[in-house]
Amino acid sequence: MLLSQKPRPKPDYRLELMDGELLLYHPGQTKIFYCNPTASLIWHLCDGQRTVKEITALLRQAFPAAASAIAADVEATLQQFAAHGAIEFE
């Protein structure tokens, strides 16, 4: 994954709060996985307009106390989304 790539959700994937848990799922497939609050923020920032670098910078700005861990968290989360087929990169 390159910092200049722009992640965006694949069609029909949805992030929903169900029974107190954030779940990312595709209604036409049997793909469902749990998202923590950080993954949820990253998901919402994946709009096909922002680069990986810009998403990382926004989160570092919002959470300066965790700035040193954010790049690794963003990369791991995006890799997980990609492995589940939920995002693609432009």
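Details of the structure are given in the entry above.
All of these numbers come straight from a predicted model, not from anything done at the bench. (Residues numbered from 1 in each chain as written. Predicted model: local features only at pLDDT ≥ 70, side-chain atom pairs only at ≥ 80, totals over all residues. Heavy atoms only, no water.)

Enquirer: When you look at the packing of helix H1 (residues 37-45) against helix H2 (residues 52-62) in this model, what are you seeing that I'm missing?
Expert: At a closest axis distance of 10 Å, the pairing of H1 and H2 adopts a crossing angle of 130 degrees. The orientation of H1 with respect to H2, classified from their angle, is oblique. By crossing handedness, the relation of H1 to H2 is classed as right-handed. In this structure, H1 uses Leu41, Ile42 and Leu45 to contact H2, whose residues at the interface are Ile55, Leu58 and Leu59. Taken together, the residues that form the contact of H1 with H2 break down as six nonpolar, no polar and no charged. (Axes fitted to C-alpha atoms, helices over the stretch in contact; angles between N-to-C directions. Helix = DSSP H or I, 4+ residues; strand = E, 2+ residues; numbered from the N terminus. Parallel < 35°, antiparallel > 145°, perpendicular 65-115°, else oblique. Left-handed = near helix turned anticlockwise from the far one by under 90°. Contact = heavy atoms within 4.5 Å. Nonpolar A, V, L, I, M, F, W, Y, C, P; charged D, E, K, R; others polar.)

Enquirer: Would you mind going over the side chain of Thr56 with me for this structure?
Expert: Following the sequence through the fold, Thr56 ends up in helix H2. By relative accessible area, which is 7% here, Thr56 ends up buried. Apart from residues no more than four positions distant in its own chain, Thr56 is found in contact with Ile70, Ala71 and Val74. (Buried < 20%, exposed > 50% of the residue type's maximum accessible area, 1.4 Å probe, protein only.)

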